Amino acid sequence: MHGLVIKNTGFWYTVLTDEKQTVESKVKGNFRLKGIRSTNPVAVGDGVDIVINDEGQGLITAIDDRKNYIIRRATNLSKQSSIIACNLDQVLLVVTVAHPETSTTFIDRFLASAEAYSVPVTLIFNKTDLLNEDERHYQQMAVDLYRTIGYTCHEVSAHTGEGTEPLKVSLKDKVTLLSGNSGVGKSTLLNLLVPGAEARVADISDAHDTGMHTTTFSEMVPVEGGGWLVDTPGIKGFGTFDMEPEEIGSYFKEIFKFSKDCRFSNCTHTHEPGCAVRKAVEEHYIAESRYNSYLSMLQDKDENKYREAY
């Protein structure tokens, strides 16, 4: 029997079979994916084969080939990964410039990881209704930066609904991952985009102006008219996984563009003479924040670095 994994609670997977039945399932034995050391060998969005035992529970026996996935370094296991979701058509990455502030390093790491697996990302700048004049100015600068690089950006308020109409249109007939830091308003946005989703919403922590986790598991929510919206727990950090240093520059669109003019084909853009990328940073064709994010990712091979939050 074949189906789609639409919910993952850690130990159990809800599989929607091709016959439109839901079966609570577990992974059979020591099932592992070849080539990927992961804390969750099966993820939401996976196509799987299952057999049903005498108790009516499913056992996942095989997984379909994936067209893509979003993966990050597992929180406390440096040599393992955590697959957030797979077989995606697009990602809506929800960020906020305040209440709480999403770091540009987090944004850039997520974007680079999505580039590595050819997953299109749209940046959703949420909570525009809460911003003061200085914060609005900073947000506009960030929006201009990422639009110039080539990313679609929307400035919205999930609370008031302002600017969210184009997002609803973009969901039709697509598998869309909704992701971002805790507290950026993903659950509020989900409830707005998919009425009836009833995602739980929590207040921001007054003490630290940081988000509190409300989603504790990953789940695919059906979109009216066709498509799925994948709701996942808030991410505090985004440690990159299984990226070689020489590959990372190609996942930054503007760095890749200027790297073609470097004197050396294997330039790391850190110290080499004739580096077109560092020249572009000095001349402000590449944002310093983006270059710093690139440098931080070069250091991810350091096995202790993953413990830091990005």
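Since the model is a prediction, treat every value here as computed from it, not as a measurement.

1. A word on the overall build of the protein
Across its full length, the protein holds 8 helices and 13 strands. If you take every contact in the protein between residues at least 6 apart in sequence, the share linking residues at least 24 apart comes to 65%. Surface summary for the protein: the accessible area is close to 15,300 Å², and the carbon and sulfur share equals 48%.

2. Focus on the pattern of salt bridges
Under the criterion given, the structure shown has 7 salt bridges. Among the charged side chains, a network of salt bridges with common partners joins Asp108, Glu254 and Arg290.

3. A short note on the state of the cysteines
Summed over the entire model, instances satisfying the criterion amount to 0 disulfides. For Cys275, which is in no disulfide, the shortest distance to another cysteine sulfur is to Cys267 and amounts to 3.7 Å. Judged by its relative accessible area of 8%, Cys275 is buried.

4. A short note on unusual backbone geometry
Geometrically, the link from His99 to Pro100 is a cis peptide bond, its omega value of -5° lying close to zero. Assignment of secondary structure puts Pro100 in the loop between β8 (90-95) and α1 (104-116). A positive phi angle, near 60°, is found at Asp173, a position not held by glycine. Residue position: Asp173 is located in the loop between α3 (165-170) and β11 (175-180). Exposure remark for Asp173: the relative accessible area of 53% places this residue in the exposed category. Its identity is not glycine, yet His269 carries a phi of approximately 65°, on the positive side.

5. Describing the packing of aromatic side chains
Counted under the stated rule, the structure contains 5 aromatic pairs. For the pair Tyr69 and Tyr117, a centre-to-centre distance of 4.6 Å together with 35° between the ring planes defines the contact as tilted. Taken together, the positions of Tyr69 in strand β6 (residues 69-73) and Tyr117 in the loop between α1 and β9 (121-125) put the pair 48 residues apart, joining distant regions of the chain. Taking relative accessible area as the criterion, Tyr69 reaches 15% and is therefore assigned buried. Take Tyr117: its relative accessible area is 22%, and that puts it in the partly exposed class. Aromatic pair Phe106 and Phe110: ring centres 6.4 Å apart, planes at 45°, arrangement tilted. Of the two residues, Phe106 and Phe110 are both situated in helix α1; the distance of 4 residues between them amounts to about one turn of the helix. In this structure, Lys253 packs its charged tip against the face of Tyr151, placed 4.2 Å from the ring centre.

Scoring rules and cut-offs
- Residues numbered from 1 in each chain as written.
- Predicted model: local features only at pLDDT ≥ 70, side-chain atom pairs only at ≥ 80, totals over all residues.
- Heavy atoms only, no water.
- Helix = DSSP H or I, 4+ residues; strand = E, 2+ residues; numbered from the N terminus.
- Contact = heavy atoms within 4.5 Å.
- Areas by Shrake-Rupley, 256 points an atom, 1.4 Å probe, with all protein chains shown as cover.
- Salt bridge = Lys/Arg side-chain N within 4 Å of Asp/Glu carboxyl O.
- Disulfide = S-S within 2.5 Å.
- Buried < 20%, exposed > 50% of the residue type's maximum accessible area, 1.4 Å probe, protein only.
- Phe/Tyr/Trp six-rings, centres within 6.5 Å; stacked < 30°, edge-to-face > 60°.
- Lys NZ or Arg CZ within 6 Å of the ring centre and 35° of its normal.

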